[in-house]
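Here is what each chain is made of, one letter per residue.
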Amino acid sequence: MKLINFIPLDTNIKFLRFWRLAIYGSLFFCLVSIGFFLLKGLNYGIDFKGGILLEIRMNQAVDLSILRANLKTLDLGEIELQEFGKNTDVLIRIEKQPGGAKQQMLAVTKVKEALGSGIDYRRTEFVGPKVSGELVEAGITAVILALVAMLMYIWFRFEWQFGFGAVVALAHDVLFTLGVLCLLNIEFSLSSIAAILTIAGYSINDTVVIFDRVRENLRKFKRLDLVELFNVSINNTLSRTIMTSITTLIALVCLFVFGGHVIKPFAFAMIIGVLIGTYSSIFVAVPTLLLFKFRPQEDE
């Protein structure tokens, strides 16, 4: 049986023909992303802004779309609904209301009146700004520690130049994703932190595959021009890179379209991250090695 190759195995694309332009372009968009983050900021969700959490159990299966439309009429700001466990159990998150505890209790009263009788209120909590601040700090710490750990791994697995290139690509992916979220005003919640960490893992995996082929070719083609050698390495792994990205995107698009209101910010951030992670592995991580004119066997 003849195998079908969607991506030809003998491609010879000159990816690094304009590698300086790619580096400068990526730097420009990273600076733009930082500008959006500083001037506009992220659209923080209830996890970070604080708010009201209600866990309810209804006497019949819940239609989240009807329930969401009903609660939206209360004009309480951002409201998130999530079904969990049984199809009669719903978690309701409402953004923090202006004012003190009295206004928060008034919002809870409005919700109870809108839902009517026959509801078992299993939990009612108020998430204050202190808890939200701790979540922001924990999220930032998780991202930074993940980046440092990946740098150490790449440094140990390859050379420090490779580790530097990998972290530059990772920082590029994170900044670009945050910039898009700021620009489009997509809600940023704990699931978005999870998306960023997943994006970092996906990007570093893609980068490691290309770096491994670069290292192999550095030993195999000792006199080949570095730009041409890196082009050969990228072409060698192109089929794997493209097919992995496409299959991942198919799953993410399905999740975004059919996954419901709560999962959409996570799926959207992941879609952006996969696209930009694939780009950065080729046009950011590898060209960074050219800045060092890296060829380790010359030192042997």
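The rules we used
Residues numbered from 1 in each chain as written. Predicted model: local features only at pLDDT ≥ 70, side-chain atom pairs only at ≥ 80, totals over all residues. Heavy atoms only, no water. Helix = DSSP H or I, 4+ residues; strand = E, 2+ residues; numbered from the N terminus. Contact = heavy atoms within 4.5 Å. Areas by Shrake-Rupley, 256 points an atom, 1.4 Å probe, with all protein chains shown as cover. Lys, Arg positive; Asp, Glu negative; His and termini not counted. Charge placed at Lys NZ, Arg CZ, Asp CG, Glu CD. Buried < 20%, exposed > 50% of the residue type's maximum accessible area, 1.4 Å probe, protein only. Pairing = 2+ DSSP bridges. Polar contact = N/O pair within 3.5 Å; in protein donor to acceptor, adjacent residues only side chain to side chain. Phe/Tyr/Trp six-rings, centres within 6.5 Å; stacked < 30°, edge-to-face > 60°. pLDDT = per-residue confidence, 0-100. Axes fitted to C-alpha atoms, helices over the stretch in contact; angles between N-to-C directions. Parallel < 35°, antiparallel > 145°, perpendicular 65-115°, else oblique. Left-handed = near helix turned anticlockwise from the far one by under 90°. Nonpolar A, V, L, I, M, F, W, Y, C, P; charged D, E, K, R; others polar.

Let us look at the overall build of the protein. When helices and strands are counted, the protein shows 10 helices and six strands. Along the first, second and third principal axes, the C-alpha atoms of the protein reach 80 × 50 × 30 Å. Long-range pairs, those at least 24 residues apart, make up 78% of the contacts in the protein with a sequence separation of at least 6. Here the protein has roughly 16100 Å² of accessible surface; of this, 64% comes from carbon and sulfur atoms. Separation between the mean location of the 29 positive side-chain charges and that of the 26 negative ones in the protein comes to 3 Å.

Quick look at the pairing of strand S2 (residues 51–58) now. The buried fraction of S2 amounts to seven of the eight residues, a majority that puts the element mostly inside the structure. Here seven bridges tie S2 to strand S4 (residues 89–95), and the two strands are oriented antiparallel to one another. Looking at S4, one finds that Arg-57 is bridged to Asp-89.

Turning our eyes to something else, we now look at the side chain of Thr-241. With respect to the secondary-structure elements, Thr-241 resides in helix H9 (residues 238–258). A distance of 3.5 Å separates the side chain of Thr-241 from the side chain of Asp-206, its partner in a polar contact. Beyond its immediate chain neighbours, meaning those up to four positions away, Thr-241 contacts Asp-206, Ile-210 and Thr-278.

This part covers the packing of aromatic side chains. Within the structure shown, the criterion is met by six aromatic pairs. Centre to centre, the rings of Phe-162 and Phe-211 are 4.9 Å apart; their planes meet at 75°, and the pair counts as edge-to-face. In this pair, Phe-162 sits in helix H6 (residues 160–184) while Phe-211 sits in helix H7 (residues 190–220), placing the two residues 49 residues apart along the sequence. For the residue pair Phe-162 and Phe-211, the accessibility class agrees, reading buried in each case. For the pair Tyr-279 and Phe-283, a centre-to-centre distance of 5.1 Å together with 25° between the ring planes defines the contact as stacked. Separated by four residues within a single helix, Tyr-279 and Phe-283 lie in helix H10 (residues 264–292), roughly one turn from each other.

Turning our eyes to something else, we now look at the confidence of the model for the protein. Detailed reading of the predicted model is not advised wherever pLDDT is low. Per-chain confidence: the protein averages 81 in pLDDT, with 91% of residues scoring 70 or above. For the protein, helix H2 (residues 46–49) is the element with the lowest average pLDDT, namely 72, and helix H1 (residues 19–39) is the one with the highest, namely 90.

Attention now moves to the packing of H7 against H9. It is the contact of H7 with H9, at a shortest axis distance of 11 Å, that shows an interaxial angle of 165°. Taken together, the axes of H7 and H9 lie roughly antiparallel to each other. For the element pair H7 and H9, the recorded crossing hand is right-handed. Contacts between H7 and H9 pair Tyr-202, Asn-205, Asp-206, Val-209 and Ile-210 from the former with Arg-240, Thr-241, Thr-244, Ser-245 and Thr-248 from the latter. When its residues are assigned to classes, the contact of H7 with H9 shows three nonpolar, five polar and two charged.

Glycine aside, a negative phi is what most residues show, and trans is what most peptide bonds show. In the Ramachandran plot, Asn-185 falls in the positive-phi region, its phi being about 60° despite a non-glycine side chain. Assignment of secondary structure puts Asn-185 in the loop between H6 and strand S6 (187–188).

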